[in-house]
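An overview of the molecular structure
Single-letter residue listing:
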Amino acid sequence: MRRLIGLSYSPWSLKARWALDHAGVDYRWIEYTPMLGEPLLRLRLRRRRVSVPVLINTAGVFTDSYDIARHAEAQTRGPSLFPAEKLDEISRWNQLSEDVCAAGRALTTRRVASDPSALVESLPAPVPRRLRRALRPVAKAGAGFLARKYRLRGTPDADALETLALGMEALRDALHDGRAYLLGPLTYADLAMAVALQFVQPVADRFVHLGPASRRCWTQADLAAAYPDVIAWRDQIFERHWVRHWGR
Ligand SMILES: N[C@@H](CCC(=O)N[C@@H](CS)C(=O)NCC(=O)O)C(=O)O
């Protein structure tokens, strides 16, 4: 059985999961805990530098969401998310999705680190309610760990917001004629950009669960208000194509 290790609310993990679910590929989900889960993941992968999502199966180990999505595509006879003639464009959109996500991570991690309620929400789900407040320093250490690991200090808020705005503008431009999908049919480009918008305005909780304080930290209200058309497009993509295979 394939195993997918990931963070349930993280856009990178969402990309991998969505591609696998869209392809109808079975896997067992394993929830990852940043910082605390890292030593075990390093040991499992025999690598120093690790991130999630990670897909482990008999064909090997895939450690990047794009590679996992390509692997999913190779397993399916269903509709393709990677039509051959669109590969270059899909790869460019995925790069933009990566840039938006990296900028969004810098903004969001800083906000979570200074929001006591969001820190409590970021503790792993199994931590009992009565211990959650007391364990806030662990969550704070986790945010600091991510800030150092991804060198988030090197991305000031103004630069990160500019990257998010560029992403929104690129989407508005590509969708200006009212088209439903970026490249004609639904492709991985749509999924990759739709999940990146988690860092502008998270999608409804029934798709991706985030506590109220976390949701606040992930939202860039001015940007979301300036691009309601792009947010509406993203909502449509989730409404029509999100596949609920969570937690098998
Ligand atoms: N390019 C990689 C990036 C993955 C990535 O940045 N993962 C982060 C966000 S979920 C992560 O593992 N964070 C937790 C950690 O590093 O401990 C991919 O697409 O899979």
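Keep in mind the model is a prediction, meaning the values are calculated, not measured.

1. Structural notes on the environment of Pro39
Looking at the secondary structure, you find Pro39 in helix α2 (residues 38-45). Residue classification places Pro39 among the exposed positions, given that 10 C-beta atoms sit within 10 Å. Considering only alpha carbons, one finds Pro39 and Arg206, 167 residues apart in sequence, at a separation of 32 Å.

2. Concerning the site of the ligand
The full set close to the ligand counts 13 residues, and Ser10, Trp12, Pro34, Ser51 and Ser65 are the nearest of them. Those elements that place two or more of their residues in the shell around the ligand are α1 (11-23) and α3 (65-75). Its residues placed into classes, the shell around the ligand shows 6 nonpolar, 4 polar and 3 charged.

3. Some thoughts on the sheet that holds strand β2 (residues 28-31)
In space, the 4 strands of this open sheet follow the order β2-β1-β3-β4, with mixed pairing throughout. Looking at which strands have only one partner, the edges of the open sheet turn out to be β2 and β4 (60-62). Recorded for the sheet is a direction-independent mean angle of 20° between the axes of neighbouring strands. In this sheet, strand β3 (residues 54-57) lies alongside strand β1 (residues 3-6) in antiparallel orientation, the contact comprising 3 bridges. Note that in β3 the partner of Arg3 across the bridge is Ile56. Running over the sheet, α1 touches β1 and β3 and is turned about 155° from β1.

4. Remarks on the pairing of β2
Bridge analysis of β1 against β2 gives 4 bridges, and the strand direction is parallel. Bridge pairing links Gly6 to Glu31 in β2. With α1 bridging β1 and its parallel neighbour β2, the resulting β-α-β unit is right-handed.

5. Side note on the domain arrangement of the chain
By a frequent convention, interface size equals the accessible area lost on bringing the separate parts together. Domain boundaries in the chain define domain 1 (3-75) and domain 2 (84-241). On a C-alpha basis, the centroid separation for the pair domain 1 and domain 2 is 18 Å. Tallying the contact residues gives 12 residues for domain 1 and 16 residues for domain 2. Secondary-structure elements contributing two or more residues to the side of domain 1 that touches domain 2 are α1 and α3. Tallied by class, the residues present in the side of domain 1 that touches domain 2 amount to 10 nonpolar, 1 polar and 1 charged.

6. Some remarks on helix α12 (residues 228-241)
Its 14 residues place the ends of α12 20 Å apart at the C-alpha level, agreeing with the 20 Å of an ideal helix rising 1.5 Å per residue. Buried within α12 are the following residues: Val230, Trp233, Arg234 and Ile237. Down the axis, α12 shows its buried residues gathered within 100° of arc, on one side only. Across from the buried face of α12, at angles greater than 90 degrees, the exposed residues are Pro228, Ala232 and Glu239. In this structure, the buried side of α12 is in contact with α8 (157-174) and α9 (188-196).

Cut-offs used in this document
Residues numbered from 1 in each chain as written. Predicted model: local features only at pLDDT ≥ 70, side-chain atom pairs only at ≥ 80, totals over all residues. Helix = DSSP H or I, 4+ residues; strand = E, 2+ residues; numbered from the N terminus. Buried ≥ 20, exposed ≤ 12 C-beta atoms within 10 Å, placed from the backbone. Near = placed C-beta within 6 Å. Nonpolar A, V, L, I, M, F, W, Y, C, P; charged D, E, K, R; others polar. Pairing = 2+ DSSP bridges. Axes fitted to C-alpha atoms, helices over the stretch in contact; angles between N-to-C directions. Contact = placed C-beta atoms within 7 Å. Right-handed = clockwise from strand over helix to strand, strands pointing away. Domains from an automatic or database assignment. Expected span 1.5 Å × (residues − 1). Arc of directions from axis to C-beta.

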